[in-house]
Amino acid sequence: MQYLLNDRQQEACFATDGPLLILAGAGSGKTRVITHRIAYLIEECGVNPYNILAITFTNKAAREMRERVDNLIGFGAESVWVSTFHSMCVRILRKHVEKLGRASAFTIYDTDDSKGIIRDVLKYLGMDPKLYPERLVLSVISKAKEQYMSPDDYEKEHATSYRDQQLASAYREYQKRLAANNAFDFDDLIYQTIFLFETNPDVLLEYQERFRYIMVDEYQDTNFTQFKLVEMLARKYRNICVVGDDDQSIYKFRGADITNILSFENQYEGCKVVKLEQNYRSTSNILNAANHVISHNQGRKDKTLWTEQEEGEKITYTRYGNEYDEATGVASEISKLIGEGQAADEIAVLYRTNAQSRLLEEKMLLANIPYRIYGGQNFYARKEIKDIVCYLKLLVNPSDNESLKRIINVPKRGIGATTVGKVEDFSLENGMSMYDALLDMDIVPGIDRAKSKLSEFMDLMEGIRTMISDGAFASEAFDKLIETTGYVELLQAEGTEEAKGRIENIDELRNKIVTYEQSAEQPNLTELLEEIALVADTDEEDAEGAPGRVTLMTLHSAKGLEFPNVFITGMEERLFPSGMSMDSDDPDAIEEERRLCYVGITRAMKKLYLTGASQRMIHGITNFCEESEFLDEIPKDYIVRKSAPGARMGRTMGKETEGKPYSNEKHGFADYGYGRPKMKDTDYSKTNPYTKNSANPSANPGFGKAFPMGGDTTAYAVGDTVKHLKFGKGVIKAVTPAGSDQELTVEFERVGEKKLFASLVKMKKL
DNA sequence: ATAGCGACGCTTTTT
DNA sequence: GCGTCGCTAT
């Protein structure tokens with residue numbers, strides 16, 4: 001691990017004022033730079049921590065950054081605003097949302113909730129769900145919101161198509177219902193914050209004045225509204241620093257717009273650009289392979305990673321007969337590694353699609369390898385958890401019809417769809433919430449027969465609401481809920497394994513609530529629900545390896561992580577790169593896959609294994625697979641084709657074998673792709689990054705080594721006499737570790753005692 | 001009200 | 001090939 005900041009990293013830290021683009025290659029110490037830059041702003045530039053905003057994408061990233069900033073600067077760190085886009089917007093909206101005619105106790109809808117609304121909307125508008133599948137409608141709306149398009153904008157933009165007009169009215173009705181339920185979906189949080197700023201310049205000004213220094217991490221993942229929001233906030237002071245890597249932009253499918261980072265320089269006049277190209281993670285073989293692969297992309301910022309590390313082992317590529325052989329092969333290779341003394345948590349197996357995990361998991365189990373699958377179904381998306389959470393949501397926000405409808409008959413209490421429909425119709429006609437209608441249920445026609453059941457439900461809810469307004473804790477409300485609904489009791493009566501699992505999950509939810517109560521300053525249900533809505537449970541998992549377990553995950557979830565040993569499986573055409581990207585007429589689709597490949601390769605520190613299969617069953621059909629084109633893009637200097645144990649040598653695989661599987665699990669014989677001259681014999685020396693870019697000193701190992709700006713010293717000791725650029729002469733009084741850095745206490749002749757960071761300080765030893 | 005059955009559809013995922 | 005979802009039949 002690198003100790004001090006290298007010169008590029010320092011340059012990024014010192015460029016405090018004006019627009020700054022930090023192009024941070026994989027493994028180049030990006031987070032270090034951001035946190036040190038914050039420390040530098042506060043400690044050396046005298047910026048009030050209160051005026052600093054750092055935006056990340058995930059809660060995990062926000063929490064990590066928070067921790068590292070806290071470790072780096074003791075006092076005042078807590079007033080730096082470190083947050084995700086979404087939680088930042090929630091915070092702003094909670095404070096000002098009444099200016100948009102909304103109540104501050106709004107609910108945040110996840111995709112599941114939104115789907116429910118869409119279902120109702122389609123029914124209400126008489127739109128055929130066959131012609132307009134929910135998923136599609138939802139994604140149309142989401143895309144519109146990402147572009148900051150209102151229903152009216154959308155309608156105008158697509159005035160000629162009947163279908164689009166229908167979609168526009170669905171969008172409009174959807175928004176109307178969100179408002180009626182006092183709910184925002186994820187896209188709304190950002191959209192409405194922009195809208196708030198546009199319609200209330202004084203509110204915008206308040207935040208512009210507050211956030212004089214803004215930093216955005218993973219900038220290549222921002223969408224249009226996120227870009228716009230940042231632009232608005234930074235408009236006044238223009239101290240905007242964005243950090244990202246265009247080569248790691250892999251989230252286009254969820255709205256990320258790579259042009260945000262590519263055109264940042266043009267967007268901001270006088271923008272400074274710093275490239276972090278020294279990689280501290282991988283061996284040069286791995287890094288060179290990654291460089292070569294990514295160099296096949298057009299329209300990227302020119303950037304070549306280099307390292308001081310040794311060549312290391314070559315990458316291996318093994319082609320197995322089928323996906324069973326592949327999984328077995330990976331498992332046995334892992335067993336071998338573990339046998340050689342590698343820790344299981346230093347190994348990761350990556351794949352393009354979640355479907356691939358099943359077989360791998362099976363073979364891990366068989367080979368007795370401890371593993372865990374990262375990602376997968378969200379804890380909060382589980383039925384029993386959603387049910388309980390909807391109760392809580394309804395308790396906080398009685399306007400939330402969607403939650404009411406979900407739980408009014410869960411557990412079954414004899415309130416049927418007809419009854420619910422009548423209540424809904426009545427509330428829709430009278431512009432009131434279903435909950436309010438039920439509070440006064442005598443006025444709702446046609447529900448006489450269900451009245452006693454409805455009263456039972458309302459008594460239950462009102463009872464807990466009274467508890468809460470009397471100051472009960474969330475966990476107490478939770479316990480009361482479980483008790484009066486009999487939710488767990490009923491599951492216990494079921495007695496199945498599945499029910500037991502659900503009870504465990506509910507217990508787990510209770511643990512989370514209690515943990516929240518113990519850690520929050522002012523625990524309240526609204527904030528708890530906010531966390532549940534905005535925090536994925538994978539955040540709580542340590543992505544970088546569960547102790548003693550091999551990690552299995554998708555290439556996407558591997559972004560930002562590193563492992564000594566990495567397997568990338570399924571290196572086949574139409575799997576990786578995906579068939580969809582190959583069929584797409586958008587040339588960027590395949591480039592995005594290539595970036596994903598680049599991300600995968602650069603996760604590996606010491607050893608990279610690539611595997612693929614000659615045939616694989618996909619969607620129930622056996623497909624014959626060509627090798628991934630990305631394999632061709634790795635020069636043979638860095639990669640070795642290995643034959644797997646039991647390989648049948650010299651066999652040629654061709655189209656003639658189609659329909660006749662020549663290898664299966666039981667026989668275990670396989671084709672390893674020999675006789676298929678797929679790897680082109682290219683003269684790679686011409687494209688070697690070191691010879692190609694020798695004019696660029698930072699791309700040349702040996703130059704640009706990490707040493708402090710002040711001179712060739714790498715360590716300070718108590719008693720050293722130093723000279724600081726600004727403070728002049730001084731003597732070091734103390735050297736104390738601070739995070740991954742050192743804090744120096746220096747007694748200066750002119751200005752007295754100062755605390756400074758070893759890696760940032762501009763001074764030299766005398 | 002609910003189990004059961006057939007149709008569909010299927011990359012990646014955070015908030 | 002498998003899981004989900006919605007509709008139907010009871």
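Keep in mind it's a predicted model, so treat the numbers as computed, not measured.

Topic: the protein's contact with DNA strand C
For step 1, the next point in the chain: Residues in close proximity to DNA strand C include Arg119, Glu134, Arg358, Met617, His619 and Gly620, which together make up its full environment.
For step 2, the next point in the chain: Here a phosphate oxygen of DNA strand C sits 3.4 Å away from a polar atom, N or O, in the side chain of Glu134.
For step 3, the next point in the chain: Between a base oxygen of DNA strand C and a main-chain N or O atom of His619, the distance comes to 3.5 Å.
For step 4, the next point in the chain: Residue composition of the surface near DNA strand C, by class: one nonpolar, two polar and three charged.

Things to note about the packing of aromatic side chains
For step 1, the next point in the chain: One pass over the structure, following the stated rule, counts 13 aromatic pairs.
For step 2, the next point in the chain: On the numbers, 4.8 Å between centres and 75° between planes, the contact of Phe106 with Phe184 is edge-to-face. Linking Phe106 in the loop between helix 4 (85–96) and strand 4 (107–109) with Phe184 in strand 5 (residues 183–185), this pair joins segments that are 78 residues apart in sequence. The pair formed by Phe106 and Phe184 is uniform in burial state, with each residue classed as buried.
For step 3, the next point in the chain: Geometrically, the ring pair formed by Tyr251 and Phe253 is tilted, given 5.8 Å between the ring centres and 55° between the ring planes.
For step 4, the next point in the chain: Through successive ring pairs, a cluster of aromatic residues spans Trp81, Phe197, Tyr207 and Phe211.
For step 5, the next point in the chain: Sitting over the face of the ring of Phe184, Arg102 holds its NZ or CZ atom 4.2 Å from the ring centroid.
For step 6, the next point in the chain: Across the ring face of Tyr50, the terminal group of Arg210 is positioned such that the distance to the ring centre comes to 3.8 Å.

Thoughts on the confidence of the model for chain A
For step 1, the next point in the chain: Residues with a pLDDT of 70 or more make up 88% of chain A, whose mean pLDDT is 84.
For step 2, the next point in the chain: Here helix 29 (residues 689–692) is the element of chain A with the lowest mean pLDDT, 30, and helix 10 (residues 201–210) is the one with the highest, 97.
For step 3, the next point in the chain: Every residue in residues 646–714 scores below 50 in pLDDT, and together they form 132 contacts with partners more than four places removed in sequence or on other chains.

Some remarks on the protein's contact with DNA strand B
For step 1, the next point in the chain: Around DNA strand B, the structure places 25 residues, and the nearest of them are Arg352, Asn354, Lys412, Thr554 and Met580.
For step 2, the next point in the chain: Taking all atoms of DNA strand B within 4 Å of the protein, the share assigned to sugar and phosphate is 55%.
For step 3, the next point in the chain: The contact in question runs from a sugar or linking oxygen of DNA strand B to an N or O atom on the side chain of Arg254, over 3.1 Å.
For step 4, the next point in the chain: Interatomic distance of 2.7 Å between a backbone N/O atom of Asn354 and a phosphate oxygen of DNA strand B.
For step 5, the next point in the chain: When grouped by side-chain class, the residues that make up the surface near DNA strand B number seven nonpolar, twelve polar and six charged.

A look at the nonpolar core
For step 1, the next point in the chain: Within the largest apolar cluster, 66 residues are counted, with the highest numbers of intra-cluster contacts made by Leu189, Phe197, Val216, Leu233 and Ile240.
For step 2, the next point in the chain: Those residues in contact with Phe197 that lie beyond four places of it in its chain are Ile92, Val203, Leu204, Tyr207, Leu229, Met232 and Leu233.
For step 3, the next point in the chain: One finds Ile407, Val410, Phe426 and Leu454 within the second-largest nonpolar core, a separate group that totals 51 residues.

Criteria and cut-off values
All residue numbers here refer to positions counted from 1 along the written sequence of the relevant chain. For this description, chains carry letters from A and ligands carry numbers from 1, given in the order in which they are written. Local features in this predicted model are restricted to residues of pLDDT 70 or higher, and side-chain atom pairs are both shown and tallied only at a pLDDT of 80 or more, whereas totals for entire chains, interfaces and linings draw on every residue. With hydrogens and water set aside, each side-chain value is computed from the structure's full complement of heavy atoms. By convention in this text, a residue qualifies as near a molecule or strand provided that one of its non-hydrogen atoms is within 4 Å of it. In the analysis that follows, any N or O atom pair within 3.5 Å is treated as a polar contact, provided that within protein one partner can donate a hydrogen and the other can accept it, and provided that, for residues neighboring in sequence, both atoms belong to side chains. Gly is put with the polar residues, along with every residue not named as nonpolar or charged; the nonpolar set is Ala, Val, Leu, Ile, Met, Phe, Trp, Tyr, Cys and Pro, and the charged set is Asp, Glu, Lys and Arg. Planes of paired rings set the category: under 30 degrees apart is stacked, over 60 is edge-to-face and the rest tilted, where pairs are Phe, Tyr or Trp rings (Trp by its six-membered ring) whose centres lie within 6.5 Å. In DSSP terms, a helix is any run of H or I states spanning at least four residues, a strand is any run of E spanning at least two, and both are numbered starting from the N terminus. Classification of residues uses two cut-offs on accessible area relative to the type maximum, computed with a 1.4 Å probe and protein chains only: under 20% is buried, over 50% is exposed, and between them is partly exposed. Ring-over charges, as used throughout, are those where CZ of Arg or NZ of Lys falls within 6 Å of the ring centre and within 35 degrees of the ring normal. What pLDDT expresses is the predictor's confidence in each residue, scored from 0 to 100. Every residue pair with non-hydrogen atoms within 4.5 Å of one another is taken to be in contact. To define a nonpolar core, start from buried Ala, Val, Leu, Ile, Met, Phe, Trp, Tyr and Cys residues and group those joined through side-chain atoms within 4.5 Å.

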